[in-house]
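Analysis of the macromolecular model
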Amino acid sequence: MDYVSGTKITSLSPIAQLDINGDVLAEELFKAYLKQVLIDGFFHADPHPGNVFLTDDGRVALLDLGMTGRVSSNMQENLLQLLLAISEGNGDETVKIILRISETTDDFDEAEFTKKAGEFVSEQRDQTLNHQDVGKALMEVSRTAAQTGLYVPTELTLLGKTLLQLEEVGKILCPSFNPNASVRRNIAEIMTTRMRKAATPGHLFGSFLEMKDFVGGLPGRVNKILDVVGNSELEVNVKTPDARHLLNGFEKIANRVTTGIILAALIVGAALMMRINSSFQIFGYPGIAMVCFLVALGGSGWLVLGILWKDYKDKHKPKE
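Overview of the structure. (Residues numbered from 1 in each chain as written. Predicted model: local features only at pLDDT ≥ 70, side-chain atom pairs only at ≥ 80, totals over all residues. Heavy atoms only, no water.)

Both faces of strand 3 (residues 52–55) are covered, namely the face carrying Val-52 and Leu-54 and the face carrying Phe-53 and Thr-55. Here 3 bridges tie strand 3 to strand 4 (residues 60–62), and the two strands are oriented antiparallel to one another. When the sheet's bridge partners are listed, Leu-54 is paired in strand 4 with Val-60. In this antiparallel pair of consecutive strands, strand 3 and strand 4, the connection spans 4 residues, and Gly-58 shows a positive phi of 80°. (Buried < 20%, exposed > 50% of the residue type's maximum accessible area, 1.4 Å probe, protein only. Helix = DSSP H or I, 4+ residues; strand = E, 2+ residues; numbered from the N terminus. Pairing = 2+ DSSP bridges.)

Rendered as structure tokens:
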């Protein structure tokens, strides 16, 4: 640990604030956080004003690393695209990225989430810190996702909280600072740095080896495919996780229809046999006809009760 000599941002006097270049400091602070999240993958996750110092030589220092966040390389790519989409006010692209990196529940309402999140993000374009910013947009999108049954990654929520706290610091340093514009200004440099970081000898050699394996095995794979097609042996397997449920539903429908047809046949047959005199009688009517009527009556009652009971259970079934 090192001792940092300076003054808390919250303790700056109005006169001291006049002596600092707040716009430049706010830009450097926001740029530093973009680097931490999108390049380093490790960031200070609690930048509230009490943890931000202004050093004696006019620089910003971050204190208290008790809360930090880590971002995987794959998530960095998604967050980079997401921040750019939000800064541009592109609601459709924002929704598409959120859906790609999140997990849905059985009661997820995609239409409602798309409508609310898209409308909110579209309102963020060219807003200053006095209104909405990237952090608030991320938190609002996360809140909307939770309400509609969508689980967003924890990295997204933590990043939204962090950027939201940066807003408070930005208001002190420069109330007119626009974080959306800062993202757009720094995005090219961040992308260049990420590409340079990925262009290490290890990454390059790994890519070359994969390309070598792919090119070397390509002729054999193409020959196998052509042989299968030429011999009419090509098969297409389609995986349908819900096929069992679907088939069970069709079977139940078919069983009910078949039962209904049988019961209808019993009733029609009984009506026709009513005209045939027989020594076997029930209630003064031909016995066989009455047996058919009674069986049809019992079967009809059982079918109706089964349908009503199933509908009742489905209606009162607890949501998972």
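The next subject is the layout of surface pockets. Size it by volume and the largest pocket reaches roughly 160 Å³. If you trace the largest pocket, you find it lined by Lys-252, Asn-255, Arg-256, Thr-259, Trp-302, Leu-303, Gly-306, Ile-307 and Lys-310. At the level of elements, helix 10 (243–273) and helix 11 (287–315) are the ones that each hand at least two residues to the lining of the largest pocket. Ranked by the residues each element gives to the lining of the largest pocket, the list is headed by helix 11, at 5 residues. Split by residue class, the lining of the largest pocket holds 3 nonpolar, 3 polar and 3 charged. (1 Å grid on protein atoms, 1.4 Å probe; cavity = no way out; pocket = protein on both sides within 12 Å on 5 of 7 lines; lining within 4 Å. Points joined across faces, edges and corners; volume = space filled by probe spheres on them. Nonpolar A, V, L, I, M, F, W, Y, C, P; charged D, E, K, R; others polar.)

All right, on to the sheet that holds strand 4 then. One open sheet holds the 3 strands; their spatial order is 1-3-4, and the pairing between them is antiparallel. A single partner strand is all that each edge strand has here, and the edge strands are strand 1 (6–8) and strand 4. Taking each pair of neighbouring strands and ignoring which way they run, the sheet shows an average axis angle of 35°. Against the sheet, helix 2 (residues 22–40) touches strand 3 and strand 4, its axis set at about 40° to strand 4. (Axes fitted to C-alpha atoms, helices over the stretch in contact; angles between N-to-C directions. Contact = heavy atoms within 4.5 Å.)

Inspection of the entire model under this criterion finds 6 salt bridges. Residue Asp-57 pairs with Arg-59 through a salt bridge whose shortest N-O separation is 3.0 Å. Note on Asp-57: relative accessible area 52%, which makes it exposed. With a closest N to O distance of 3.3 Å, Lys-116 and Glu-112 form a salt bridge. (Salt bridge = Lys/Arg side-chain N within 4 Å of Asp/Glu carboxyl O.)

Moving on to the side chain of Thr-144. Its place among the elements puts Thr-144 in helix 6 (residues 134–147). The contacts of Thr-144, once residues within four sequence positions are left out, are Phe-113, Lys-116 and Ala-117.

Inspection of every chain in the model, using the stated rule, returns 1 aromatic pair. Ring centres 6.2 Å apart and planes at 55° place the aromatic pair Phe-108 and Phe-113 in the tilted group. Accessibility classification places Phe-108 together with Phe-113 in one group, the buried group. (Phe/Tyr/Trp six-rings, centres within 6.5 Å; stacked < 30°, edge-to-face > 60°.)

Attention now goes to helix 7 (residues 154–173). Between the first and last C-alpha of helix 7 there are 29 Å, a value that for 20 residues agrees with the 28 Å anticipated at 1.5 Å per step. Where helix 7 is buried, its residues touch helix 2, strand 2 (42–44), strand 3, helix 3 (73–87), helix 4 (91–101) and helix 6. (Expected span 1.5 Å × (residues − 1).)

The next point concerns helix 6. For the α-helix, the turn length of 3.6 residues means that residues three or four positions removed from each other point alike. Between its first and last C-alpha, helix 6 extends 20 Å over 14 residues, near the 20 Å set by a 1.5 Å rise per residue. The set of residues buried in helix 6 consists of Val-134, Gly-135, Ala-137, Leu-138, Glu-140, Val-141, Ser-142, Thr-144 and Ala-145. Gly-149 occupies a position one or two residues after helix 6 and carries a positive phi of about 90°.

It is worth spelling out empty space enclosed by the protein at this point. For the coordinates displayed, the defined rule picks out 2 cavities of 30 Å³ or more. The volume enclosed by the second largest cavity comes to roughly 30 Å³. The wall of the second largest cavity is formed by Tyr-33, Leu-34, Val-37, Leu-38, Leu-83, Leu-159 and Leu-163. A class-by-class count of the residues in the lining of the second largest cavity yields 7 nonpolar, no polar and no charged.

It is worth spelling out the packing of helix 3 against helix 4 at this point. Running from N to C, helix 3 and helix 4 cross one another at 160°; their axes reach a closest spacing of 9 Å. With respect to their mutual orientation, helix 3 and helix 4 come out roughly antiparallel. Relative to helix 4, helix 3 is oriented so that their crossing is left-handed. Each of Met-75, Asn-78, Gln-81, Leu-82, Ala-85 and Ile-86 in helix 3 lies in contact with helix 4, whose residues at this interface are Glu-93, Thr-94, Ile-97, Ile-98, Arg-100 and Ile-101. Residues that form the contact of helix 3 with helix 4 fall into these classes: 7 nonpolar, 3 polar and 2 charged. (Parallel < 35°, antiparallel > 145°, perpendicular 65-115°, else oblique. Left-handed = near helix turned anticlockwise from the far one by under 90°.)

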